[in-house]
Amino acid sequence: MASNEPGQPPLTTTTWTLDLPVPRSALAIGAHPDDVEFGCGGTLAKWAAQGCIVHHLICTDGSKGTWNPDADTAQLVAIRQVEQRAAAKELGATGEVVFLGHVDGELDSPLAVRGEVARWIRILQPEVVLGHDPWKRYRLHPDHRHAGLLACEGIVASRDPHFFKEHGLAPHRPNALLLWEADEPDHAEDVSAFVSTKLRALEAHASQFESTMKARDDSQLAAFRDRVRSRLAQHGARFDVEAAEIFKRIPDL
Ligand SMILES: [Zn+2]
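Now for a description of the structure that goes with this document. In this text, all values refer to a predicted model and were calculated from it rather than measured experimentally.

Description of the overall build of the chain
Of regular secondary structure, the chain possesses six helices and eight strands. Mapped in sequence order, the helices and strands of the chain form the string β-β-α-β-α-β-α-β-α-β-β-α-α-β. Relative to its length of 253 residues, the chain is compact, with a C-alpha radius of gyration of 18 Å against a globular reference of 18 Å. Viewed in the frame of its principal axes, the chain has a C-alpha envelope of about 60 × 50 × 40 Å. Going through the 253 residues of the chain one by one, you find that 50% of them count as buried. When contacts within the chain are restricted to residue pairs at least 6 apart in sequence, long-range pairs at least 24 apart make up 82% of them. Approximately 12300 Å² of the chain is accessible, and the part contributed by carbon and sulfur atoms is 52%.

Following this line, the structure appears as structure tokens:
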């Protein structure tokens, strides 16, 4: 009698979906340069190959992305912008790459920053928005949590006409939100044909080889590629496809 006893929450089963219709435009919102490629690079590459205009919005400047205590962080910020643009190009993205420029590690999600995100949603008018799941349990990095909240709350502010009227922009309501690193994933995108593209885009973030990808030499880089491939394969197995990225899908916006 594990289920449906009085006073017990009902046991839920997840109903998974596979592959959204390819949107005409998509906006991926990441905390740092490289988060978008980790979270949804294969999906964006697949959509871009079918004509979707893919935009990036990066909330922080990536200035903490090094283990070298003597690093010139202003130079690192500039390098990471170049890398992010190169990664977007590898994905086939033809849209904007926007940097909000908040200090890495200090991102917050107050009304003013929510307004910045809502403004870009209104300008870019994406059919689908993708972002971090802000409700992922036991997540330590505050930027990922806040970037996720900004994506969710930015959509609410963007869609309703009385929010941020000072933008002077028409409201915009996306059709769907996909959250990566999801606490309760229920949607997969088949990226079988785009694993190499995702890897090339990830490897455009060369400044992160040491700290994020643990790839200080060729054999460690090969191990990193294997880890990415095997995770995608694991997610694909549910649908008998070679590789998949998984998300929490929020369709009613
Ligand atoms: Zn990150």
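Brief notes about helix H6 (residues 218-237)
Look at H6: 28 Å from first C-alpha to last across 20 residues, which is about the 28 Å you get at 1.5 Å a residue. Along H6, the positions that sit buried rather than exposed are Leu221, Phe224, Val228, Leu232 and Gly236. Along the axis of H6, the buried residues cluster in a sector spanning 110°; they form a single face. Opposite the buried face of H6, at more than 90 degrees from it, the exposed residues are Ser219 and Gln234.

A closer look at the sheet that holds strand S8 (residues 244-250)
Strands sit in the order S1-S7-S8-S6-S5-S2-S3-S4 across an open sheet of eight strands; the sheet is mixed. The sheet terminates laterally at strand S1 (17-18) and strand S4 (97-102), the two strands that pair on one side only. In this sheet, S4 lies alongside strand S3 (residues 53-60) in parallel orientation, the contact comprising four bridges. Paired with Ile58 across the strands is Phe99, a residue of S4. Each of S3 and S4 is contacted by helix H2 (residues 73-91), which is oriented at about 150° to S4, the strand it contacts most.

Section: the coordination of the zinc ion
Looking at the zinc ion, the protein donor atoms are His32 (ND1), Asp35 (OD), Asp35 (OD) and His144 (NE2), and they sit 2.1 to 2.3 Å from it. One way to put it: the four donor atoms around the zinc ion meet at angles of 57 to 136°, and that makes the site irregular. Of note, the zinc ion draws all its donor residues from one chain, in the sequence arrangement H-x2-D-x108-H. Here the residue His32 occupies a position in the loop between strand S2 (25-30) and helix H1 (35-49), and His144 occupies one in helix H4 (residues 142-159), the gap between them amounting to 112 residues. Since its relative accessible area comes to 14%, His144 is described here as buried.

Considerations on the nonpolar core
Ranked by internal contacts, the top residues of the largest apolar core, which has 27 residues, are Val36, Cys40, Leu44, Trp47, Val128, Leu130 and Leu178. The set of elements that each furnish at least two residues to this core consists of S2, H1, S3, H2, S4, strand S5 (128-132) and strand S6 (176-180). Those residues in contact with Cys40, other than ones at most four positions away along the chain, are Ala28, Leu130, Trp180, Lys198, Glu245 and Phe247. Residues Val98, Val113, Ile155 and Leu253 belong to the second largest nonpolar core, which totals 22 residues.

Brief notes about the layout of surface pockets
The space that makes up the largest pocket amounts to roughly 910 Å³. Around the largest pocket, the lining comprises 36 residues; the ones closest to its centre are Asp35, Phe38, His144, Glu181 and Thr212. At the level of secondary structure, the elements contributing two or more residues to the lining of the largest pocket comprise H1, H6 and S8. When the residues that make up the lining of the largest pocket are grouped by side-chain class, the tally is 12 nonpolar, 11 polar and 13 charged.

Comments concerning the side chain of His167
Topologically, His167 is positioned in the loop between H4 and S6. Residue His167 is classed as buried on the basis of its relative accessible area of 18%. One polar contact links His167 to Arg122, side chain to side chain, over a distance of 3.1 Å. The contact partners of His167, leaving out residues within four places of it in the chain, are Gly115, Ala118, Arg119 and Arg122.

Some remarks on the pattern of salt bridges
Here the structure, examined in full by the defined rule, presents 14 salt bridges. For the salt bridge of Asp34 with Arg80, the shortest nitrogen-to-oxygen distance reads 3.8 Å. Of the two residues, Asp34 is situated in the loop between S2 and H1 and Arg80 in helix H2; the sequence distance between them amounts to 46 residues. Comparing Asp34 with Arg80 shows no difference in burial state: the two are buried. For the salt bridge of Glu181 with Arg139, the shortest nitrogen-to-oxygen distance reads 3.0 Å.

Conventions adopted
Residues numbered from 1 in each chain as written. Predicted model: local features only at pLDDT ≥ 70, side-chain atom pairs only at ≥ 80, totals over all residues. Heavy atoms only, no water. Helix = DSSP H or I, 4+ residues; strand = E, 2+ residues; numbered from the N terminus. Rg over C-alpha atoms; globule rule 2.2 N^0.38 Å. Buried < 20%, exposed > 50% of the residue type's maximum accessible area, 1.4 Å probe, protein only. Contact = heavy atoms within 4.5 Å. Areas by Shrake-Rupley, 256 points an atom, 1.4 Å probe, with all protein chains shown as cover. Expected span 1.5 Å × (residues − 1). Arc of directions from axis to C-beta. Pairing = 2+ DSSP bridges. Axes fitted to C-alpha atoms, helices over the stretch in contact; angles between N-to-C directions. Donors = N, O, S within 2.8 Å, 3.2 Å for Na, K, Ca; no water. Tetrahedral: all angles 85-135°; square planar, octahedral: opposite > 155°, others 65-115°. Core = buried A, V, L, I, M, F, W, Y, C linked by side-chain atoms within 4.5 Å. 1 Å grid on protein atoms, 1.4 Å probe; cavity = no way out; pocket = protein on both sides within 12 Å on 5 of 7 lines; lining within 4 Å. Points joined across faces, edges and corners; volume = space filled by probe spheres on them. Nonpolar A, V, L, I, M, F, W, Y, C, P; charged D, E, K, R; others polar. Polar contact = N/O pair within 3.5 Å; in protein donor to acceptor, adjacent residues only side chain to side chain. Salt bridge = Lys/Arg side-chain N within 4 Å of Asp/Glu carboxyl O.

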